[in-house]
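# Notes for the structure review
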Amino acid sequence: MKKTTQKEIADKLGLHVRTVSRVLNNADSVKSETRQRVIEELNKYGYFFKTHTKPETVAVDIQSGYLEKNALLLIEMLSLHDLHFLMTNHKKDLQHFYRTIQNADVVVFCSTPDAEIIEETARLNPDIYRINLFSHGIPGAEVSIEPDNDVLAKRSAKYLAQNGHKNIWIISSEENISVLERTKSFMGEMAVSYPECICRIISGRLNIELGEILEHELEKTSDVPTALYCPGLYLGWHAALVLQKLQYKVPEEISLLINDLPEEFSYEMPFKPDTVYSRISDTLELAQFHILNRLMLKRANSIVASPGTHLQINGSVRNLNK
């Protein structure tokens, strides 16, 4: 979209360009009705501006473990800015979380909250700006930041199909929204763009049961797939352990492709799989942008922001075309 100048905005509204400038600079000398008109027009063209004139309080709601590490990284990235941080964990102490967000300007969820928590946050503090990291499709926040599951899955399908794989098993689970979305998008892309590919879903709970199901299916089949697609790290970890246990050679006998590759992965895998993923650092940079530069109107549509998609080739997907 071509950026519109302040003068063009002013001309369209019948105002002086200095009036538009004063709105952008949050000056008190502009009438509230005029400010509203200018903001509504600017909002149509993707303009952002800082609304605060004093140090702001940012509540960072964490979930112990991997997400907590990301929250601390985000705070470190923002440490040079004029912000005051408060840490909460609504899953451990809900009342402390509610007390904290009542005095905060921004809340950043690194805690996979449910929709009720997000809604209650706005009820207790109507002016708070809510940013949900790794949101897994949960609605309600002004900004939701998560990998684009559709793009990840379609790129994965294209990568396997273009490497000649026509018999693919998808290791999936109904317990995770992102996994389900990726599974459906992968199947859809294959059906539309690569109809010659045969795909089968192997599904189970996100625990040892899933590995047992995959192991059982591989042992009894007479038509071993050429590739396994795992739309999540934990799924990929289970698949890799099963392949190791059954002594499959990767990629000579079977290929493995997974989604998601965080900079720090706590599961030790027997080999490095090929991955289609979004960088955690890109997600945190998006969060930093939306903390420092916020939509001018809270009533504007919520934003779903996604980091870019990358392919990392580690040699676990064989090219069958060669």
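Reading guide: rules and limits
- Counting from 1, residues in each chain are numbered in the order their sequence is written.
- At least 70 in pLDDT is required for a residue's local features to be given in this predicted model, at least 80 for side-chain atom pairs to be given and counted, and no such filter applies to totals for whole chains, interfaces and linings, which use all residues.
- Side-chain numbers here rest on the full set of heavy atoms in the structure, without hydrogens or water.
- Whether two strands pair comes down to DSSP finding at least two bridges between them.
- A helix here means a DSSP run of H or I that spans at least four residues, while a strand means a run of E at least two residues long, and both kinds are numbered starting from the N terminus.
- Convention adopted: a line fitted to C-alpha atoms gives each axis, helices being fitted over their contacting stretch, and angles between N-to-C directions are expressed from 0 to 180 degrees.
- Any two residues whose heavy atoms approach within 4.5 Å are treated as being in contact.
- Throughout this description, any angle smaller than 35 degrees is read as roughly parallel, any larger than 145 degrees as roughly antiparallel, any in the 65 to 115 degree range as roughly perpendicular, and the remainder as oblique.
- Two helices cross in a left-handed way if the nearer one is turned anticlockwise from the farther one by less than a right angle. They cross in a right-handed way if the turn is clockwise.
- Residues are grouped as follows: Ala, Val, Leu, Ile, Met, Phe, Trp, Tyr, Cys and Pro are nonpolar; Asp, Glu, Lys and Arg are charged; all remaining types, including Gly, are polar.
- Here the term buried applies to any residue with accessible area under 20% of the maximum for its type, exposed to any over 50%, and partly exposed to those in between, with areas from a 1.4 Å probe on protein chains only.
- Classification of ring pairs rests on two measures: the distance between centres of Phe, Tyr or Trp rings, Trp counted by its six-membered ring, which must be within 6.5 Å, and the angle between planes, read as stacked under 30 degrees, edge-to-face over 60 and tilted in between.
- Two conditions define a charge sitting above a ring: the NZ of Lys or the CZ of Arg must be within 6 Å of the ring centre, and it must be within 35 degrees of the ring normal.
- Among buried residues, those of type Ala, Val, Leu, Ile, Met, Phe, Trp, Tyr and Cys that are joined through side-chain atoms within 4.5 Å constitute a nonpolar core.

### A look at the sheet that holds strand β3 (residues 106–110)
Read across the open sheet, the six strands follow the order β2-β1-β3-β4-β5-β11; overall the sheet is parallel. In this open sheet, the two strands that pair with only one neighbour each are β2 (83–88) and β11 (303–305). If you compare each strand with its neighbour and ignore which way they point, the axes differ by 20 degrees on average. Together, β1 (56–62), β2, β3 and β4 (129–133) form the strand contacts of helix α4 (residues 66–77), whose direction differs from that of β1 by roughly 160 degrees. Docked against the sheet, helix α5 (residues 94–101) engages β1, β2 and β3, running at close to 160 degrees with respect to β2.

### Remarks on the packing of α5 against helix α6 (residues 115–124)
The N-to-C vectors of α5 and α6 enclose an angle of 40 degrees; their axes lie 9 Å apart at closest approach. Taken together, the axes of α5 and α6 are oblique relative to one another. Judged by the sense of rotation from one axis to the other, the crossing of α5 with α6 is right-handed. On the side of α5, the interface is formed by Leu94, Phe97, Tyr98 and Ile101, while α6 contributes Ile117, Glu120, Thr121 and Leu124. For the contact of α5 with α6, a count of residues per class yields six nonpolar, one polar and one charged.

### Section: α6
Listing the buried residues of α6 in full gives Ala115, Ile117, Ile118 and Thr121. Contact partners of the buried residues in α6: α5, β3 and β4.

### Overview of the side chain of serine 156
Mapping serine 156 onto the fold places it in helix α7 (residues 149–162). The contact partners of serine 156, leaving out residues within four places of it in the chain, are Phe186, Tyr229, Leu257, Asn259 and Val276.

### Concerning the packing of aromatic side chains
Geometrically, a pair of aromatic rings is defined through the distance of the ring centres and the angle of the planes. Enumeration over the complete set of coordinates arrives at four aromatic pairs. A centroid spacing of 5.6 Å and a plane angle of 20 degrees characterise the contact between tyrosine 234 and tryptophan 237, whose relative ring orientation is stacked. With tyrosine 234 and tryptophan 237 both in helix α10 (residues 233–245) and three residues apart, this pair spans about one turn of that helix. Each member of the aromatic cluster is reached from another via a ring pair, and the members are Phe97, Tyr98 and Phe109. Just above the ring of tryptophan 169 sits the side chain of arginine 200; from NZ or CZ to the centre is 4.9 Å.

### Thoughts on the side chain of serine 178
Relative to the helices and strands, serine 178 resides in helix α8 (residues 177–193). Judged by its relative accessible area of 7%, serine 178 is buried. Not counting chain neighbours up to four residues away, the residues in contact with serine 178 comprise His136 and Asn149.

### Here we look at unusual backbone geometry
A cis amide bond links valine 250 to the next residue, proline 251, at an omega of 5 degrees. Non-glycine residue phenylalanine 134 carries a positive phi angle of around 55 degrees. By the element assignment, phenylalanine 134 lies in the loop between β4 and β5 (143–145).

### Some details on the nonpolar core
With 24 residues, the main nonpolar core has Val58, Leu74, Val108, Ile131, Leu133, Ile145 and Ile291 as its most contacted residues. In terms of residues, this core owes the most to one element, helix α11 (residues 280–292), which gives five residues. Those residues in contact with valine 58 that sit more than four places away from it in its chain are Leu83, His84, Phe85, Leu86, Val106, Val108 and Ile291. Listed in part, the 21 residues of the second largest apolar core include Ile171, Leu228, Leu235 and Ile254.

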